[in-house]
Amino acid sequence: MPSKLRKLYRCDVLPSPMNHRKHARVLALLQAWRRVAVLRGREQRQIFYQRGTLDARLKTRTGYDQVGGAFGQMVRHQVVGVLDSFLSNRQNEFRDLVNRSSLESSVKHQLHFINRWRAWQTLSVPLTMRDGVVIPDEVRRLARIMFRAVMKRHRQPALHRLNMVVDQRAVSVSPAHTSSHFRMWARLSTLDKGKRVNLPLQTYPRFTTRAGARALTVQVNQRSDGSFGVGMFTDVTDVFAASRAAYQPRCEALALDLGLNTLFATDQGDLIGRQWRSKLEYYDRRITKLAAYLQKRGLKPNRHARYRKYVAAMRGWLESEVGRCLNRLVAVRAPAELVIERLDFRAPGLSRRLNRLLSNMGRGFIEAKLKDLEERFGITCRKVIAAYSSQADSACGYVDKKNRTKQAKFKCLWCGHFQHADVNAARNLIQRRSLGDTGTSRASRDALLDALVSQHVARYNRPRGRSADPRLSNPYFRSWTASVRSIEAYV
Ligand SMILES: [Zn+2]
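Residues numbered from 1 in each chain as written. Predicted model: local features only at pLDDT ≥ 70, side-chain atom pairs only at ≥ 80, totals over all residues.

*Asks:* Before we go on, may I ask you to explain the sheet that holds strand E12 (residues 380-384) in this structure?
*Replies:* Pairing between the strands of a sheet is mediated by backbone hydrogen bonds and can be parallel or antiparallel. With respect to topology, five strands assemble into an open sheet ordered E10-E9-E8-E11-E12, the strand pairing being mixed. Edge positions in the open sheet fall to strand E10 (271-272) and E12, since each of these has one partner strand only. The pairing of strand E9 (residues 264-266) with E10 spans two bridges and is antiparallel. By the bridge assignment, Phe264 is partnered in E10 with Ile272. (Pairing = 2+ DSSP bridges. Helix = DSSP H or I, 4+ residues; strand = E, 2+ residues; numbered from the N terminus.)

What follows is the structure, given as structure tokens:
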């Protein structure tokens, strides 16, 4: 459940096509903004290592000569926000690291206390717990070592690539009265004192119909093709609180299988996103062909505008497709909980390049949409182990590689149960709800297979005879087959 105090925002980025002169002025501001952000970041990091905190109110004239006072404050505010959320993510990792460790519980308690106060670095400042115990130096040193190990796994936030978060002191957004093409204008201050630049904003239905209070702060983004967009924030806290209260689940849980031919199959038999494979192949052809052409000429595809345009188009399509499909499933089934496998987007038959793009983007889009559904309707999400879900029969539990003859067809060799392969997989997932997320390690996969085999053998212990029993030639049942043979030898 999202906390009551936290505000929820949604950001819609509106394209802002502009002429060269405007573009140059916005770009000059962005470049100065980023330079100052890097300087401010250095300053904050120094304070953090000395005092263990960030200082949002730090009064220095860093960057004053480059962007002036008001922009300088906005940059500082943004930089502190970025670093703070970076640190709170590291804080969560530190907590998990302590919990997973085999340390004594009193030491764990002290480490959690250090973590709570972000006092990983400041060993010279004594730290007294609520019960009066001063945390000993060796625990403080241990905390520092662990914190450094956590930090090492991540790159520092890229302050030199920040987009500008501009508040109402330097920007105002108003509806356009004169122009027919653009529905809104953003008037943005620039580095030239007193001279604002008018940015046209293209709106679209998802933005114009979004309920909630529009914030006065906007984000000015530069996209990969160099053009600018303006991110409009909407405060959806109250709207979402109301929609969560109104949401009436009609089923306890709905399992989703991520498919290659259909995007989502459910345990209820829904197949949603059927065009998805052919559309992927279409993008694959275009992207692969262009990449091959560019590489032949010794050019890096990522630096090429048309290549980036194709990838951006696929990104946009994938994001809206994931959103559309999940919205539809929620509308049709109204589950209280969604059960999914660990997300791994990979489609055999498509190029390696596209698979890489897919696994980078797809997971992010689904995670983001699931979070959206939780905030919007309170629908929780449970991840379960997906191993063998495409080989096991959801009816009798028989697991066999040969159960899945064709991509879309599942036919159980033991009981003859016939079903769409992805629907069968989703039904397996829903049966695994009680197992929880046991990970994808070899050990947990092996344990799951052992359980599937022994359950089946316990239910159907008598062999059917050489030709009628598929288990006798199934490598998963090798040890059972051996035991049956030895029994038969005695009889
Ligand atoms: Zn079966």
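So much for the structure itself; the text now carries on.
*Asks:* Could you clarify how one ought to interpret the sheet that holds strand E4 (residues 184-189) in this entry?
*Replies:* One open sheet accounts for three strands, arranged E3-E4-E5; its pairing is antiparallel. Here the strands that pair on one side only, and so sit at the sheet edges, are strand E3 (171-175) and strand E5 (196-201). Each strand of the sheet is rotated relative to its neighbour by a mean of 20 degrees, with strand direction disregarded. (Axes fitted to C-alpha atoms, helices over the stretch in contact; angles between N-to-C directions.)

*Asks:* Help me understand the nonpolar core in this model?
*Replies:* One broad rule of soluble globular proteins: the nonpolar side chains tend to lie buried together. Ranked by size, the top nonpolar core spans 51 residues in total, and within it Ala255, Leu256, Phe264, Leu338, Val339, Ala426 and Leu429 carry the most contacts. Those elements giving two or more residues to this core turn out to be strand E8 (251-258), E9, helix H7 (276-296), helix H8 (305-333), strand E11 (335-341), helix H9 (352-377), helix H10 (421-431) and helix H11 (442-459). Looking at which domains feed residues into this core, each of domain 2 (247-384) and domain 3 (401-490) gives three or more. In contact with Leu256, other than residues within four places in its own chain, are Phe264, Thr266, Leu338, Ile340 and Ala426. Counting residues in hydrophobic clusters, the runner-up holds 29 residues, among them Leu29, Leu159, Val166 and Met232. (Core = buried A, V, L, I, M, F, W, Y, C linked by C-beta atoms within 7 Å. Buried ≥ 20, exposed ≤ 12 C-beta atoms within 10 Å, placed from the backbone. Domains from an automatic or database assignment. Contact = placed C-beta atoms within 7 Å.)

*Asks:* Would you explain the domain arrangement of the protein chain in this entry?
*Replies:* A common way to express how large an interface is: the accessible area buried when the components associate. Along its sequence, the protein chain is organised into domain 1 (31-161), domain 2 (247-384) and domain 3 (401-490). Relative placement of domain 1 and domain 3: their C-alpha centres are 50 Å apart.

*Asks:* I'm lost on the pairing of E4 in this one. Help?
*Replies:* Regular strands show a simple pattern: their side chains alternate between the two faces of the sheet. The sheet contact formed by E3 and E4 spans five bridges and is antiparallel. When the bridges of E4 are listed, Val173 appears paired with Ala186. Both E4 and E5 contribute to a ladder of six bridges, which runs antiparallel. Residue pairing in the sheet places Trp185 in a bridge with Pro200 of E5. What sits between the antiparallel neighbours E4 and E5 is a turn of six residues, in which Gly194 has the positive phi angle 80 degrees.

*Asks:* Please explain unusual backbone geometry as it appears in this structure.
*Replies:* Glycine aside, residues mostly have negative phi, and peptide bonds are mostly found in the trans state. Even without glycine at this site, Arg118 takes up a positive phi of about 50 degrees. As for its placement among the helices and strands, Arg118 is situated in the loop between helix H3 (105-116) and helix H4 (137-152). The exposure class assigned to Arg118 is partly exposed, which follows from the 19 C-beta atoms found within 10 Å. In the Ramachandran plot, Ala334 falls in the positive-phi region, its phi being about 45 degrees despite a non-glycine side chain. Its location among the elements puts Ala334 in the loop between H8 and E11. Exposure remark for Ala334: the 15 C-beta atoms within 10 Å place this residue in the partly exposed category.

*Asks:* What is the right way to read the packing of helix H2 (residues 64-100) against H4 from this model?
*Replies:* Angle between the axes and distance between the axes: these two values describe a pair of packed helices. Where H2 contacts H4, the two axes come as close as 10 Å, and the packing angle between them is 120 degrees. Classified by the interaxial angle, the pair formed by H2 and H4 is oblique. Pair H2 / H4 crosses with right-handed handedness. Of H4, the residues touching H2 (which contributes Arg90, Glu93, Phe94 and Leu97) are Met146, Phe147, Val150 and Met151. (Parallel < 35°, antiparallel > 145°, perpendicular 65-115°, else oblique. Left-handed = near helix turned anticlockwise from the far one by under 90°.)

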